[in-house]
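Single-letter residue listing:
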Amino acid sequence: ILPGWKAAVEQLGGIIHDYVPQFTYIVHMDGPTADRVRALPMVRWVGAYQPLFRLSTALDDVADQTARIGVRSFSGEPAAALAGQLQALGGQVLNSGRASGGGTIFDVELPANAVTAAAGLQAVAWVEPWAEPRLNNEITRSPIIFDQDSIGTGLGLHGADQIVVVGDTGLSTGNQATMHPDFQGHFYRGTWGGGTCSTWRDDHGHGTHVAGSVLG
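As a starting point, this report considers the structure included with it. (Residues numbered from 1 in each chain as written. Predicted model: local features only at pLDDT ≥ 70, side-chain atom pairs only at ≥ 80, totals over all residues. Heavy atoms only, no water.)

1. Points about a nonpolar patch on the surface
Taken together, the side chains of Ile1, Leu2, Trp5 and Phe23 present a nonpolar region at the surface, about 390 Å² in accessible area. Relative to the helices and strands, Leu2 resides in the segment before helix 1 (3-11). (Patch = residues over 30% accessible without salt bridge, like charges linked within 9 Å, V, L, I, M, F, W, Y side chains within 5 Å. Areas by Shrake-Rupley, 256 points an atom, 1.4 Å probe, with all protein chains shown as cover. Salt bridge = Lys/Arg side-chain N within 4 Å of Asp/Glu carboxyl O. Helix = DSSP H or I, 4+ residues; strand = E, 2+ residues; numbered from the N terminus.)

2. Let's talk about the pattern of salt bridges
By the definition in use, this model includes 5 salt bridges. For Arg68, the salt bridge goes to Glu132, with nearest N and O atoms at 3.0 Å. Here Glu132 lies in the loop between strand 6 (124-129) and helix 5 (148-155) and Arg68 lies in strand 3 (residues 66-73), a separation of 64 residues in the sequence. Through salt bridges with shared partners, a single network forms among Arg68, Asp107 and Glu132.

3. Let's talk about the nonpolar core
Counting residues in each nonpolar core, the largest one holds 19 residues, and the members touching the most others are Ile69, Val115 and Val127. If you list the elements that add at least two residues to this core, you get strand 3, helix 3 (79-88), strand 5 (104-111), helix 4 (115-119) and strand 6. Contacts of Val127, omitting those with residues within four sequence positions, involve Arg54, Leu55, Ser56, Leu59, Ile69, Gly70, Val71, Val115 and Ala119. (Core = buried A, V, L, I, M, F, W, Y, C linked by side-chain atoms within 4.5 Å. Buried < 20%, exposed > 50% of the residue type's maximum accessible area, 1.4 Å probe, protein only. Contact = heavy atoms within 4.5 Å.)

4. As for the sheet that holds strand 5
Note on sheets: strands pair through backbone hydrogen bonds, and any given pair is parallel or antiparallel. Across the sheet, which stays open at both edges, the 4 strands sit in the order 4-5-3-6 with antiparallel pairing between neighbours. Strand pairing shows two members of the sheet lacking a second neighbour, strand 4 (92-98) and strand 6, which therefore form its edges. The sheet shows a mean angle of 25 degrees between the axes of neighbouring strands, taken without regard to direction. Strand direction decides the pairing type here: strand 3 and strand 6, joined by 5 bridges, are antiparallel. Note on strand 6: the bridge partner recorded for Gly70 is Glu128. Docked against the sheet, helix 3 engages strand 3, strand 4, strand 5 and strand 6, running at close to 10 degrees with respect to strand 5. (Pairing = 2+ DSSP bridges. Axes fitted to C-alpha atoms, helices over the stretch in contact; angles between N-to-C directions.)

5. Description of the environment of Val214
Looking at the secondary structure, you find Val214 in helix 6 (residues 206-215). With 55 residues separating them in the primary sequence, Val214 and Gly159 have C-alpha atoms 8.9 Å apart. For Val214, the contacting residues outside a window of four places in its chain are Val164 and Val166.

6. Focus on the packing of aromatic side chains
A full pass over the atoms with the stated rule returns 4 aromatic pairs. A ring pair is formed by Phe187 and Trp200, whose centres lie 5.1 Å apart and whose planes are at 25 degrees; its orientation type is stacked. Remark: Trp200 occurs in the loop between helix 5 and helix 6 and Phe187 occurs in the loop between helix 5 and helix 6; sequence separation between them is 13 residues. Classification of Trp200 by relative accessible area gives buried; the value is 13%. Each residue in the set Tyr49, Phe53 and Phe74 is aromatic and connected to the rest through ring pairs, giving one cluster. (Phe/Tyr/Trp six-rings, centres within 6.5 Å; stacked < 30°, edge-to-face > 60°.)

7. Some details on helix 3
When we look at burial in helix 3, the residues that qualify are Leu82, Ala83 and Leu86. Within helix 3, the buried residues cover an arc of 105 degrees as seen down the axis, which keeps them to one side. Exposed side chains of helix 3 directed beyond 90 degrees from the buried face belong to Ala80 and Ala88. On its buried face, helix 3 is in contact with strand 3, strand 4, strand 5, helix 4 and strand 6. At the C-terminal side of helix 3, Gly90 shows a positive phi close to 95 degrees. (Arc of directions from axis to C-beta.)

Following this line, the structure appears as structure tokens:
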């Protein structure tokens, strides 16, 4: 996907959101704009982002009358407005926070029969069963992997005043002003090297995960 192709969509009024493998983007646009985008020579298909596309298949296993779900919004969507819409469906917002790639993640209890309706809200990008966050990377400092204690004792390397370069899928929103607050104040600059993606925004998530592991 060339930068000029994306720029052509944006020039016609499309707002580009998430990347969907392979070679697809979710784009916010009205009907006339969709017709103009559909006519671009590099565009193969334009269709509605249906509510069912936004539902994790893991939700098939939810048998309770009340479902506890994670709801992620598109970047730029007002969090308070979406919270109100979820509550109007009978949901209770238990918690919320910024997603690493932009948008907001909500921890919601919702009647199971309203989950599909939640996925149909315009601001919603993805719905899945809620999973309590837990630490998985604390083992990396162990003697089995990095042996961090020996590195600190023997080499005097504890992370302070060190610069680490991460070459991966990108980082957070690709914008230093809007990136996840955990990275702010610990970031020098981002680049996309010699590729054609035109941004260091992380549409995959792996690069943000790795950079977060580096920061500890």
